[in-house]
Amino acid sequence: MTIRNRLLVLLLSIALAPLILTSLVHQISIRVARGRLTANTRQALDTNARMALPIQLGYLVDILEGDRRLILALLKRQVREVELALAASEVPEDPDFTDNRFGFDANLTNSPQLHHPYFTDTDDGETAALDIDYRSQGYSIAQPANRTAAMEAMKRLSTITPLYHEIYSQMPSGVLWLHTRFDNGLHVRYPAGGKPPEALMRGVRFSAGRSGPRLQGQMKLGWPPDARGQGPMGSGQRGVPRSPNQDGRQRFGNAPLRQAGQTALREETRIADQVRGSNLMVDPSTDQTVAVTSMPVHNPDGSPAGVVVVMRTIPEIFENMQLAERWGSNVDRMLIFTDPNALPEDGITILLHDNLDTVSVRRGRRVIPGVLQSSDSELFARMIDDLLSGRPGVQRMDYQGRSCLWAYQSVAIEQAAALLIIPYERVTELAQDLEQSLIKESIFGLESAMAVLLVVAALAVILAAMRARNLTNPITALIEAGRKLAAGDYDAKVHINTGDELEQLGHTFNETGPKLRERQKLKHSLELAGAVQQWFLPDRMPELANFQVAGRCLYCDETGGDCYDFIEMSDPASGKLGIVVGDVSGHGIGSALLMAALRSMLRMEAQHQADNLASILNKLNAELVRDTDDDKFVTLFYGLLDDNNRSMIFSSAGHEPAIHLHADTGRIEKLSNNGPPLGIIKDQAYNQAGPVTLEPGDILVVGTDGIWETQNQQGQFFGKERFLDILQNADDLSAEQICSNVIDSVTHFVHPASRTDDITLIVVKAL
């Protein structure tokens, strides 16, 4: 039996009574918490829904607004192209007018990518697919008509079929037709095919309103203008005659007059007024309800020529208004219009609905929008106030006999808004399911845990009664042996024969003493090696007439593979000083010994070969290739400063480029002359570069990659950008100060993490 089991038996025996009591308390707590959990969860989900729905609705409004702006922009382009064609100085020769089509362009594609599904899939299963041609325009001439003027316009429009094709391909999804209807009786539609509508809206203008672009002027579906207001998207009050001096935006503040006017109207008249203001109609070719957007077209002399129209099917308008799955599929999505002159009990006009047929009436080719109402009159009136004030919001109200959340937000058209209606049971359904699931899981888990604990407790009591052993003797022996080890007796031993973890712990303890002795010896050796390696580093900085030089080297372990050195030439009068920065692959004693050997060879060769730096590196490379393993190599920078000529020649073996900061311009130049690292390629020939002239104030820096590749606890690199910023702000600093600033900045950046690479740096500043 292990010590873990013994302790478990003891603890479970002591805790048996509290566990039983705890299980009873948990049972009572679950019953008490059930009601609170239901209420709190429902409240939390309600709050979450009220926060999430406006945000999601805002995204949907942005999508709708983007589609609207795109249609307006393309419609303006269509107007421009039609007007340019009408104003062209040259009239094309007679085009082919065949089968109510003209302007055929064989270079265009009849691509199915442009094909609208309603051209094939109609409500009538026996109806054949429409013969649609995207390479031609369709036309018809209404009677009575100015046939000469109509034919003249057709000739001029016959050349712009490619432009219609391009505009159509850029329209949002759901666009059926591009229409152009002229006052002379000509009706042009793109693509060719289908039937022309009996009437089109015309005279629509857009201007900046309180909450964005708004509709002005008359919007009609083919009826002659009269003195009545134009309904929810028009100018006047619904059903009230408008005097000639009214601009269509005045609100009737006289309540008795408004009430009398509304009482006097018949329901049929009110519906007709709404139809006149609607921008909905039935496309005769597909029998689909379409949203109509139109703009006027003018002749070259500025007189009205007609109107251009875009027809778009309703489902595609709402195609991108998809909600998260949590709200279910029975969400009502619509665009609504709020009449400031209407009473709350009159309701709100529905402009567009994702299932328009369920909330509208069709009369011939007209579409009469539905009216939105709620039995929660106070909240409904509050929503109307919010919409008229341009405030978004969420209200919980009745809709078609069930409680729902209404989320609304104004759109760019004045007095229009987007609306989402979500059944409230979808919000609380998740709360109810979550509550039931949590309660079941909690009860099941508690009952299972209690059963297991009771069985284990019973077994533990039986085992404790059958077997009782003394646990203190092995522990006491370990304590005594531990004291001896702490006093420096590495031969301290303990003998435990219990057959469990205590015996394993005794074996581990007995192995600890000899390992600690070996580690102490190794640590002493490393400290000695580190001291020797530090001895190889320069103990003072050379003094030159025209330069300041400084160097620093920090190892991440007791020993390292980095090194820097200043080599004074045997002839002091030459004024030359060798500067060396090297980096041996890896860390530890092996890298340190290799660097020490390399330093000795370099010092010897530097005295013999003086200015021939390439020959020095060639000799070092040959020695390292012959005497070192394949996994060992050295990157080395060797420069020779000329104090008399204020210049430097250099050669590099795979080392990071030296950085030359020009004091007069602030320009940073990288002195790159890299061959491969030493010790890799046999018979490698290295090059010598320079001389580089250092003007007063210039700074030359040579370092190892341990500087810019240092990482902090967040995994960020110190980077060369921080390194270069220090150099660019060092105009008034000495070489020693610059060196210290770099080392201190790297140390501060990495703190409290440990460095994983050596840091070596030499700074030369011209005086």
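Residues numbered from 1 in each chain as written. Predicted model: local features only at pLDDT ≥ 70, side-chain atom pairs only at ≥ 80, totals over all residues. Heavy atoms only, no water.

Asker: I would appreciate a short explanation of the environment of F337 in the present structure.
Answerer: Mapped onto the elements, F337 comes out in strand β10 (residues 332–337). On the basis of relative accessible area, F337 is assigned to the buried category, the value being 5%. In this structure the C-alpha to C-alpha distance between F337 and L387, which are 50 residues apart in sequence, comes to 9.0 Å. (Helix = DSSP H or I, 4+ residues; strand = E, 2+ residues; numbered from the N terminus. Buried < 20%, exposed > 50% of the residue type's maximum accessible area, 1.4 Å probe, protein only.)

Asker: Quick question: what am I supposed to make of unusual backbone geometry here?
Answerer: Comment: phi is negative for the bulk of residues other than glycine, and the bulk of peptide bonds are trans. Note the cis peptide between Y190 and P191, where omega equals 0°. The topology assignment puts P191 in the loop between β4 (186–190) and β5 (205–209). A cis amide bond links H751 to the next residue, P752, at an omega of 5°. Its location among the elements puts P752 in the loop between α14 (735–750) and β28 (759–766).

Asker: Help me understand the packing of helix α13 (residues 719–728) against α14, please; the structure alone is not making it clear to me.
Answerer: The relative placement of two packed helices comes down to the angle between their axes together with the axis-to-axis distance. In contact at an axis separation of 10 Å, α13 and α14 are set at 145° when each is read in the N-to-C sense. Pair α13 / α14 crosses with right-handed handedness. Between α13, through R722, F723, I726 and L727, and α14, the contact on the second element is made entirely by I738, N741, V742, S745 and F749. For the contact of α13 with α14, the residue count by class is six nonpolar, two polar and one charged. (Axes fitted to C-alpha atoms, helices over the stretch in contact; angles between N-to-C directions. Left-handed = near helix turned anticlockwise from the far one by under 90°. Contact = heavy atoms within 4.5 Å. Nonpolar A, V, L, I, M, F, W, Y, C, P; charged D, E, K, R; others polar.)

Asker: Quick question: what am I supposed to make of the sheet that holds strand β23 (residues 658–661) here?
Answerer: Strand pairing in a sheet relies on backbone hydrogen bonds, with the paired strands running either antiparallel or parallel. Spatially, β18-β28-β27-β23-β24 is the arrangement adopted by the five strands of the open sheet, whose pairing is antiparallel. Looking along the sheet, the strands with just one partner apiece sit at the ends: β18 (547–554) and β24 (668–671). Averaged over neighbouring strand pairs, the angle between their axes works out to 15° when direction is ignored. Across eight bridges, the pairing between β18 and β28 is antiparallel. The residue of β28 that forms the bridge with F547 is A766. Running at roughly 40° to β23, α13 makes contact with β23, β24, β27 (699–703) and β28 of the sheet. Across the sheet, α14 touches β18, β27 and β28, and the angle it forms with β18 is around 25°. (Pairing = 2+ DSSP bridges.)

Asker: Where do I start with the pattern of salt bridges in this structure?
Answerer: Pairing between side chains of opposite charge can happen when their charged atoms approach one another. Scanning the entire structure with this criterion turns up 24 salt bridges. In this structure, R68 engages E65 in a salt bridge whose closest nitrogen and oxygen atoms are separated by 3.0 Å. You can see R68 and its partner E65 sitting in helix α1 (residues 3–87), three residues apart, about one turn around the helix. On the basis of relative accessible area, R68 is assigned to the buried category, the value being 16%. In the salt-bridge network here, residues are joined through shared partners; they are R77, R80, E81 and E166. (Salt bridge = Lys/Arg side-chain N within 4 Å of Asp/Glu carboxyl O.)

Asker: Quick question: what am I supposed to make of the confidence of the model for the chain here?
Answerer: Atomic detail in the predicted coordinates should be set aside for any region of low pLDDT. Summing up the model confidence of the chain, the mean pLDDT is 77 and the portion of residues at 70 or higher is 77%. Between residues 201–278, whose pLDDT stays under 50, and residues either more than four places distant or in other chains, the model counts 152 contacts. (pLDDT = per-residue confidence, 0-100.)

Asker: For this particular structure, what's the right way to read α14?
Answerer: Side chains three or four residues apart in an α-helix point the same way, a direct result of the helix having 3.6 residues per turn. With 16 residues, α14 ought to run about 22 Å at 1.5 Å a step, and its terminal C-alpha atoms sit 23 Å apart, in line with that. Lining the buried residues of α14 we find β18, β27, α13 and β28. (Expected span 1.5 Å × (residues − 1).)

Asker: It is not clear to me how the side chain of T180 should be interpreted in this structure. Could you clarify?
Answerer: Tracing the backbone through its elements, the reader meets T180 in strand β3 (residues 175–182). By relative accessible area, T180 is classed as buried at 0%. Reaching out from T180, the side chain makes a polar contact with the side chain of Q78 at a distance of 3.4 Å. The contacts of T180, once residues within four sequence positions are left out, are Q78, V82, Y164, L186, H187, V188, V307 and V308. (Polar contact = N/O pair within 3.5 Å; in protein donor to acceptor, adjacent residues only side chain to side chain.)

Asker: Help me understand the nonpolar core in this model?
Answerer: Generally speaking, soluble globular proteins have nonpolar side chains that are buried together. By size, the foremost hydrophobic cluster in this structure holds 47 residues, and its most contacted members are I579, Y638 and V764. Considering every element that reaches this core, the biggest residue donor is strand β21 (residues 634–642), with six residues. Leave out the neighbours within four places in its chain, and I579 touches D565, F566, F637, Y638, G639, L641, M648, I762 and V764. By size, the runner-up hydrophobic cluster in this structure holds 44 residues, among which are F102, W177, V292 and V310. (Core = buried A, V, L, I, M, F, W, Y, C linked by side-chain atoms within 4.5 Å.)

Asker: What exactly am I supposed to notice about the sheet that holds strand β14 (residues 371–372) here?
Answerer: Read from one edge to the other, the open sheet built from six strands follows the order β14-β11-β10-β17-β16-β15, with strand pairing classed as antiparallel. The outermost strands of the open sheet, each flanked by one partner alone, are β14 and β15 (393–399). As defined by bridge partners, β10 adjoins strand β17 (residues 416–423) across six bridges and the pair is classed as antiparallel. Along β17, the bridge assignment pairs I336 with A417. Contacts between helix α7 (residues 377–389) and the sheet are confined to β10, β11 (348–353), β14, β15, β16 (402–410) and β17, with β15 contributing the most and set at about 145° to the helix.

Asker: Looking at this structure, how should I read α7?
Answerer: Helix length check: α7 (13 residues) gives 18 Å between terminal C-alpha atoms against 18 Å at 1.5 Å per residue, within 8%. Of all the positions in α7, only F380, M383, I384, D386 and L387 are classed as buried. The arc that holds every buried residue of α7, seen down its axis, measures 160°, which confines them to one face. On its buried face, α7 is in contact with β10, β11, β14, β15, β16 and β17. (Arc of directions from axis to C-beta.)

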